[in-house]
Amino acid sequence: MRAVFVDASETLAAVARRLLRPDDPPFAIHADPGIAPQDLPAILDGAETAVIDHTALPLDVARACAGLKHVVFLGTGARSYMDPEALRDALGVTVHTIKGYGDTAVAECAFALMWAAARGLPEMDRAMRAGSWLRTEGIQLTGKTVGLVGFGGIAAEMARLCRGVGMRVLAWNRTPKAHPGVDFVPLDRLLAESDVVSLHLLLTDATRGFLSAARIAAMKPGAMLINTARGAVLDEAALVEALRTGQVARAGLDVFTVEPLPADHPLASLPNVTLSAHSAFRTPEASDNLIGAALAHCRRIAAG
């Protein structure tokens, strides 16, 4: 069994080289994160397993990858880049995902986006660099209510952080859950009562566009929105309009429908939006967890 990490960044390539063991099955590292999907058949060159960070794998490209039987996707959001069911049913290719590797890292990013947006720090930073002494009025978060939409490992970490600074934590999940210090409530109540709404949903057919225009309109007027999940779980155009009208006062976004975010995208020109480049999970600790789990998948595949 031969595996190829097809689109390794310099950072992840270094982690993989460090974590590889002498007795591991053959594992090649193609250290170029900027490849196109049509490059994959040549890069894989008959390998059974592809380790993929962020490159799309359309069905027609996978069909041209002779010998491909497994895809190890670095994260949980494989559906943003491929159709796991179609790959399985049409080609017999199994897609493996990795959960939990960056729960703390992503929650800390969501927490940081919330605080930066609440205090208007990016707007003041931009103005001061341009020579203007801008002083904005911030939002005090202690004592406010945060609503977590979707409750997995990341949301549990976000709840821990928010409770630590004295915030009330509400949550809604598609299946019943319980967690210390968190009140699980119906979605309409969460949207109506939360000063901050933070999205923590996996992207599936059921959650695509989940935070619709109607649900954005149902949010508490002047609330903040944080998204470190996937851009497609919300109606981006509706969010832009809500930010312009003030229905959503501020937003902190790490993920977008189109990535990289186009320079002319409306979100890039709105002063009440704090942006980060889908980097919530990028910490040394999370990278070690991620690549370690990917290599463990490859070892299990090689062992049958």
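Residues numbered from 1 in each chain as written. Predicted model: local features only at pLDDT ≥ 70, side-chain atom pairs only at ≥ 80, totals over all residues. Heavy atoms only, no water.

Definition in use: UniProt positions are given in the numbering used here, feature names are shortened, and annotations may be inferred rather than shown by experiment.
Going by what an unreviewed UniProt entry lists, the protein chain is known as D-3-phosphoglycerate dehydrogenase and is assigned to Methylobacterium radiotolerans. Reading the Sequence similarities (unreviewed entry) entry of the UniProt record for the protein chain gives the comment "Belongs to the D-isomer specific 2-hydroxyacid dehydrogenase family."

## Observations regarding the overall build of the protein chain
Put simply, the rule reads: Runs of E in the DSSP output that reach at least two residues are strands. Runs of H or I that reach at least four are helices, and both are numbered from the N terminus. With C-alpha atoms as the basis for the radius of gyration, the globule rule is written as 2.2 Å multiplied by the number of residues raised to the power 0.38. Remark: exposure states derive from per-residue accessible area (1.4 Å probe, protein chains only) relative to the maximum for the residue type, with buried under 20%, exposed over 50%, and partly exposed in between. Throughout, a contact is declared for two residues whenever any of their heavy atoms are within 4.5 Å. Only the protein chains shown count as cover for residues, with accessible areas throughout obtained via the Shrake-Rupley method and a probe of 1.4 Å. When charges are tallied, Lys and Arg are placed among the positive residues and Asp and Glu among the negative ones, while His and the ends of the chain are skipped. Here the site of a charge means NZ on Lys, CZ on Arg, CG on Asp, or CD on Glu.
Counting secondary structure elements, the protein chain contains twelve helices and twelve strands. The globule rule puts the C-alpha radius of gyration for 304 residues at 19 Å, and the 21 Å found for the protein chain is close to it. Taking all 304 residues of the protein chain together, 49% fall into the buried category. In the protein chain, 63% of the contacts between residues at least 6 apart in sequence involve partners at least 24 apart. Per element, the accessible surface of the protein chain, about 13900 Å² overall, is 53% carbon and sulfur. Seen as two clouds, the 29 positive and the 32 negative side-chain charges of the protein chain have centres 5 Å apart.

## A few points about the pattern of salt bridges
Side chains that carry opposite charge are capable of pairing whenever their charged atoms lie near each other. Selection criterion: By salt bridge we mean one thing: a side-chain nitrogen of Lys or Arg within 4 Å of a carboxyl oxygen of Asp or Glu.
Scanning all chains against the criterion turns up eleven salt bridges. Asp89 is paired through a salt bridge with Arg88; the nearest N and O atoms lie 2.8 Å apart. Between Glu157 and Arg160 there is a salt bridge whose closest N-O contact spans 3.0 Å. Remark: Arg160 and Glu157 occur in helix H7 (residues 153-164); sequence separation between them is three residues, near one turn of the helix. Taken together, the shared-partner salt bridges in this structure form one network comprising Arg168, Arg189 and Glu193.

## A short note on the confidence of the model for the protein chain
We apply this condition: Within a predicted model, pLDDT stands for the predictor's per-residue confidence, ranging from 0 to 100.
Taken over all residues, the pLDDT of the protein chain has a mean of 97, while the share at 70 or more is 100%. By mean pLDDT, the top-scoring element of the protein chain is strand E6 (residues 145-149) (99), and the lowest-scoring one is helix H6 (residues 121-129) (95).

## Concerning the sheet that holds strand E3 (residues 49-52)
Note the cut-off: The pairing criterion is simple: DSSP has to find at least two bridges between the two strands. Here an axis means a line fitted to C-alpha atoms, over the contact stretch when the element is a helix, while the angle between two N-to-C directions is reported on a 0 to 180 degree scale.
Ordered in space as E2-E1-E3-E4-E5, the five strands form an open sheet in which the pairing is parallel. Looking at which strands have only one partner, the edges of the open sheet turn out to be strand E2 (27-29) and strand E5 (94-96). Along the sheet, successive strands turn relative to each other by an average axial angle of 20 degrees, direction set aside. With three bridges joining them, strand E1 (residues 3-5) and E2 adopt parallel strand pairing.

## So, the packing of aromatic side chains
Aromatic ring pairs: the centre-centre distance and the angle between the two ring planes describe each pair. Heads up, the condition is: The pairing test for Phe, Tyr and Trp rings, Trp by its six-membered ring, is centres within 6.5 Å, and the orientation test on the planes gives stacked under 30 degrees, edge-to-face over 60, and tilted for anything in between. Distance and angle both matter: a charge sits over a ring if NZ of Lys or CZ of Arg is within 6 Å of the ring centre and within 35 degrees of the ring normal.
All chains considered together, the criterion is met by five aromatic pairs. Note on Phe111 and Trp115: the rings are 6.0 Å apart at their centroids and 65 degrees apart in plane angle, and the pair reads as edge-to-face. Placement of the pair is Phe111 and Trp115 together in helix H5 (residues 103-119), with a separation of four residues, close to one helical turn. For Trp115, a relative accessible area of 27% corresponds to the partly exposed category. For the pair Phe151 and Phe184, a centre-to-centre distance of 5.1 Å together with 75 degrees between the ring planes defines the contact as edge-to-face. Of this pair, Phe151 sits in the loop between E6 and H7 while Phe184 sits in strand E8 (residues 183-184); the two residues are 33 residues apart in sequence, bridging distant segments of the chain. The partly exposed category is assigned to Phe184, whose relative accessible area is 27%. For the cation-ring pair, Arg215 lies above Phe210, with the distance from its terminal atom to the ring centre recorded as 4.2 Å.

## Re the sheet that holds strand E9 (residues 196-199)
Pairing is parallel in the open sheet, where seven strands are placed in the order E8-E7-E6-E9-E10-E11-E12. A single partner strand is all that each edge strand has here, and the edge strands are E8 and strand E12 (273-275). Packed onto the sheet, helix H10 (residues 236-245) meets strand E10 (223-227), strand E11 (248-253) and E12 and runs at close to 135 degrees relative to E11.

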